[in-house]
Amino acid sequence: MNKKASKAQKNRTFFLSFFKVKKNRDRLIHLGISILAVIIFILAWDLYAQLQNKPYLPRPHMVFDALIASFFNRDPFSQRYMGEHILASMVRILYGFIIAFILAVPLGLLMGWSKHVHNAGNPIVELIRPIPPIAWIPFAIVFFDEPFDTAFIVFLGIFFPVLINTIFGVKRIDPIIIDAAKTLGVTKRNMLQKVIFPAVIPTLMTGIRIGLGIGWMCIVAAEMVGVTGGGVGFYISAMADVGRYDDMFAGMIVIGILGFITVGGASYIERRVSRWMGMR
Amino acid sequence: MKKVSKNKLMSIIGIVIIVSVLLLAGCFEEDGEKSIKAVKIAPKDMKASLDSGDIAGYVAWEPYCSDSVVGGVGKTLHLSGEIWPGHPCCVVAVEKNFASSNPDLVKHFLKAHMEATTWMVNALADNTSMEYSLLVDIAVDFTARDEAVVKEALSHMTYVYLLTEDFYDGLKEYTDKLIEFEIVTDDKISERGYEDTEDFVDKYVDETYLQDAATVTPTSTSLGTVRVGYLLGDLHQLAYPVAKNSDVGGGKSLFEKYGVTVTDASGAPYSNGGDEMDHFEAGDVDMGYLGSAPAVLKHLNAGINTMILAQVNNEGSAIIVAESIDSLKDLRGKKFGIPGFSTVQYFLLRMIAEEENIKVST
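Residues numbered from 1 in each chain as written. Chains lettered and ligands numbered in written order. Predicted model: local features only at pLDDT ≥ 70, side-chain atom pairs only at ≥ 80, totals over all residues. Heavy atoms only, no water.

The helix and strand inventory of chain A stands at 10 helices and 0 strands. Its C-alpha atoms give chain A a radius of gyration of 24 Å, clearly above 19 Å, the size a compact globule of 280 residues would have. In terms of overall dimensions, chain A has a C-alpha envelope of 75 × 60 × 30 Å along the principal axes. Counting over 280 residues, chain A shows a buried share of 42%. Across chain A, contacts joining residues at least 24 apart in sequence account for 71% of those joining residues at least 6 apart. The averaged location of the 16 negative side-chain charges in chain A is 22 Å from the averaged location of its 29 positive side-chain charges. (Helix = DSSP H or I, 4+ residues; strand = E, 2+ residues; numbered from the N terminus. Rg over C-alpha atoms; globule rule 2.2 N^0.38 Å. Buried < 20%, exposed > 50% of the residue type's maximum accessible area, 1.4 Å probe, protein only. Contact = heavy atoms within 4.5 Å. Lys, Arg positive; Asp, Glu negative; His and termini not counted. Charge placed at Lys NZ, Arg CZ, Asp CG, Glu CD.)

In structure tokens form, the structure reads like this:
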């Protein structure tokens, strides 16, 4: 019997280590494919830039040089380093995100839970949602002070994806779970806090991920018009203005990297929160 | 000791990062109190921004300066001539390949420009003449501003087509300043094949076309079409609608008189000279009216294949401020509108701020 158990244990360990090795190997393959794709992209860019031979499309090494230089030299317009521009943009994103999160999540929960609130809020939401956030720029400049004018544009970009996904998250909860909770005598407050909110988290995080992506697009557009205090969007716009396209592309790459990190961070938080709340 | 859970630790780290970012951001704001905060605003929106209190002042070309003054929204702090007397402003530029393939067409275009400019100078010399009234009508149509604004703006304008010594000197001074402000590097001068700024100005401004244009005579033969770039409602570039106007030419336009068919380039009118240079590069514009500043900047930094053939005007810009502002120092810590970083207007702001030891930031 002991022998049998020991053999079963051995087999189990073997299978587990086999899958672990396989999992690591798969990860390495995925990483390898991603790196290869980036290398091919850069080579294609370089080739096309050489064929075009125009300053409007600088070669990758020129952009890389401009990128490095931007962290050590102040730009000639705002006298800021790239690090300061990044900070300025991140603060605007942060303000926009915090305000959007504080407003969109409770509103989404209420609109998903109550038909009356949904009927009242839905026409307004659907009326405003299709308006591109950048169309609000002149309004924001006049009605809000720095940094809330640009943060407002970011807020609009993040608010709707978070709201819609929260509503969707509430609506897709299995009614059996709600009924079971009711049968067990769960109070309204606990229902929202302990049943509905945890169930909404995966779709809410999807909304946050999408919203942050849109937020970065919005911040660049907003910073290109009438902004003080620098920002990566400002940097891109000013460099384009004077024809320094290698610097402009460097700014664009910074936005890409920041967006990638932010969205990656949101995915990471999503996994951790889901695990913490027992969803995975 | 109670062990802090990993999740709590992560949350604390997250909050510390967020608070640090917000605090750091606050630190950078302090510097803004000492400097004029330049913000890019389309000239057509400047009056409204000043009126709403969003900006404390702006620098622009006419008629966007007189528009605020006549409308009672702001006052003139400095005319551009007070900052830099006779400074170069708008020019006629051409795409180099177009000029070498169509030299006659270019010369005939310039002849119409010369005649239009001379007609305008004469009209402005006597504001009781029929020509002056016609000029005002054309300007009202071109700028979409009312008569009072246009008349006030015209009183600050100097129209000129000749490439004078002062123009060469001004352009050289401007290019040297661009290098001093690190907007253009020395490398770019040599990269474009010039020895120094003097060599650049000598080669980038080609006066041979203008000299030849002086001998051009009217023709009934159509020499071809020129796609023309120009800026939205820019009173500096009034020579263009004047040369297109059939009343000025006595039944047919000055362009027609010299056998030139003109058409607005794709996307024209443009919001600033930088945009127009991009359209030169895109192959949309053959010849264009634009600021000498963006023409120089984008040629040097981006290698756009253009050259300057004639002047259009000099001076004709101003710093306009809210009633509460009495000096440039009062603008410190306040938002100030500029039409773009490639414009001579931004450069004028930098010049006077430097003189008064005030920093211009964003």
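Picking up where we left off.
Right, let's talk about the overall build of chain B for a bit. Broken down by element type, chain B carries 17 helices and 13 strands. Its C-alpha atoms put chain B at 100 × 50 × 35 Å along the principal axes. For chain B, buried positions account for 56% of its 362 residues. Across chain B, the fraction of contacts at a sequence separation of at least 24, relative to all contacts at a separation of at least 6, is 79%. Computed over 31 positive and 55 negative side-chain charges, the separation of the two mean positions in chain B equals 12 Å.

With that settled, consider the domain arrangement of chain B. Residues and elements named next belong to chain B. By domain assignment, chain B separates into domain 1 (37-86 + 317-361) and domain 2 (90-314). On a C-alpha basis, the centres of domain 1 and domain 2 stand 24 Å from each other. The interface of domain 1 with domain 2 comprises 24 residues on the first partner and 29 residues on the second. Interface area for domain 1 against domain 2, summed over the two sides, is near 2200 Å², with a carbon-plus-sulfur share of 65%. On the domain 1 side of the interface with domain 2, the three residues burying the most area are Glu62, Ser342 and Phe347, jointly 24% of the side's total. Taken together, the links from domain 1 to domain 2 amount to 2 salt bridges. Across the salt bridge formed by Glu354 and Lys177, the nearest N and O atoms sit 3.0 Å from each other. Counting across the interface, domain 1 meets domain 2 through 6 residue pairs in polar contact (both at pLDDT 80 or more). Per-element tally for the side of domain 1 that touches domain 2: the top contributor is helix α17 (residues 344-355), with 7 residues. Here the side of domain 1 that touches domain 2 is built from residues that sort into 13 nonpolar, 6 polar and 5 charged. (Domains from an automatic or database assignment. Buried area = accessible area lost by both parts, 1.4 Å probe. Salt bridge = Lys/Arg side-chain N within 4 Å of Asp/Glu carboxyl O. Polar contact = N/O pair within 3.5 Å; in protein donor to acceptor, adjacent residues only side chain to side chain. Nonpolar A, V, L, I, M, F, W, Y, C, P; charged D, E, K, R; others polar.)

Attention shifts here to helix α2 (residues 43-52) of chain B. Residues and elements named next belong to chain B. For α2, the complete set of buried residues consists of Pro43, Met46, Ser49 and Leu50. Down the axis of α2, the buried side of the element spans an arc of 95°, and every buried residue falls inside it. Those residues of α2 that are exposed and angled more than 90 degrees off the buried face are Ala48 and Asp51. If you follow the buried residues of α2, they end up packed against β2 (57-61), α3 (64-70), β11 (317-321) and β12 (335-338). Positive backbone phi, at 85°, marks Gly53, one or two positions downstream of α2. (Arc of directions from axis to C-beta.)

Glancing now at the side chain of Arg92(A). Residues and elements named next belong to chain A. Along the chain, the position of Arg92 falls in helix α3 (residues 82-113). Judged by relative accessible area, which is 3%, Arg92 ranks as buried. If we skip the residues at most four places from it in the chain, Arg92 touches Glu146, Pro147, Thr150, Ala151, Val154, Ile219, Glu223, Val227, Thr228, Gly229, Gly230 and Gly231.

This next bit is on the packing of aromatic side chains. All chains considered together, the criterion is met by 31 aromatic pairs over all chains. Their ring planes at 50° and their centres at 4.7 Å tell us that Phe77(A) and Phe341(B) sit as a pair that is tilted. Of this pair, Phe77(A) sits in the loop between α2 (60-72) and α3 while Phe341(B) sits in the loop between β12 and α17, which puts the two residues in different chains. In terms of burial, Phe77(A) and Phe341(B) fall into one category: buried. An angle of 80° between the planes, with centres 6.1 Å apart, marks the rings of Trp136(A) and Phe152(A) as edge-to-face. You can see Trp136(A) sitting in the loop between α4 (115-128) and α5 (137-143) and its partner Phe152(A) sitting in helix α6 (residues 148-171), a full 16 residues away along the chain. On the accessibility criterion, Phe152(A) (15% relative accessible area) is buried. The side chain of Arg350(B) reaches across the aromatic face of Phe181(B), ending 4.1 Å from its centre. (Phe/Tyr/Trp six-rings, centres within 6.5 Å; stacked < 30°, edge-to-face > 60°. Lys NZ or Arg CZ within 6 Å of the ring centre and 35° of its normal.)

All right, on to unusual backbone geometry then. Residue and element names in this part refer to chain B. Note that the residue after Glu62, namely Pro63, is joined by a cis bond; omega there is 15°. Among the structural elements, Pro63 can be located in the loop between β2 and α3. Put simply, Ala268 and Pro269 share a cis peptide bond, and its omega is 0°. The residue Pro269 is located in the loop between β7 (260-264) and α15 (273-281) in this model. Look at Asn357: it is not a glycine, yet its phi comes out positive at around 60°. Among the secondary structure elements, Asn357 is positioned in the loop between α17 and β13 (360-361).

Residue and element names in this part refer to chain B. In space, the 5 strands of this open sheet follow the order β7-β6-β8-β4-β9, with mixed pairing throughout. Single-partner strands in this sheet number two, and they are β7 and β9 (306-311). Within this sheet the neighbouring strands show an average axis-to-axis angle of 35°, counted without direction. In terms of strand pairing, strand β4 (residues 90-95) meets β9 through 5 bridges, oriented antiparallel. Within β9, the position partnered with Ala93 by the bridge is Ile308. The sheet contacts of α15 involve β4, β6 (224-229), β8 (287-291) and β9, and relative to β8 the element is tilted by about 155°. (Pairing = 2+ DSSP bridges. Axes fitted to C-alpha atoms, helices over the stretch in contact; angles between N-to-C directions.)

Now for the pairing of strand β1 (residues 36-40) of chain B. Residue and element names in this part refer to chain B. In terms of residue burial, β1 counts as a mostly covered element, since 4 of its 5 residues are buried. Taken together, the 2 bridges between β1 and β13 define a ladder with parallel strand orientation. Residue Lys37 lies in a different strand from β13, and its bridge partner there is Ser361. Sheet topology note: the β1/β12 ladder contains 4 bridges and is parallel. Each bridged residue has a counterpart across the sheet, and for Lys37 the counterpart in β12 is Lys335.

This part covers the domain arrangement of chain A. Domains assigned within chain A are domain 1 (1-53) and domain 2 (60-276). Computed over C-alpha atoms, the centres of domain 1 of chain A and domain 2 of chain A are 32 Å apart.

Residues and elements named next belong to chain B. On the secondary structure map, Ala353 appears in helix α17. Classification of Ala353 as buried rests on a relative accessible area of 1%. When residues no more than four places from it in sequence are discounted, the contact partners of Ala353 are Leu328, Ile358 and Val360.

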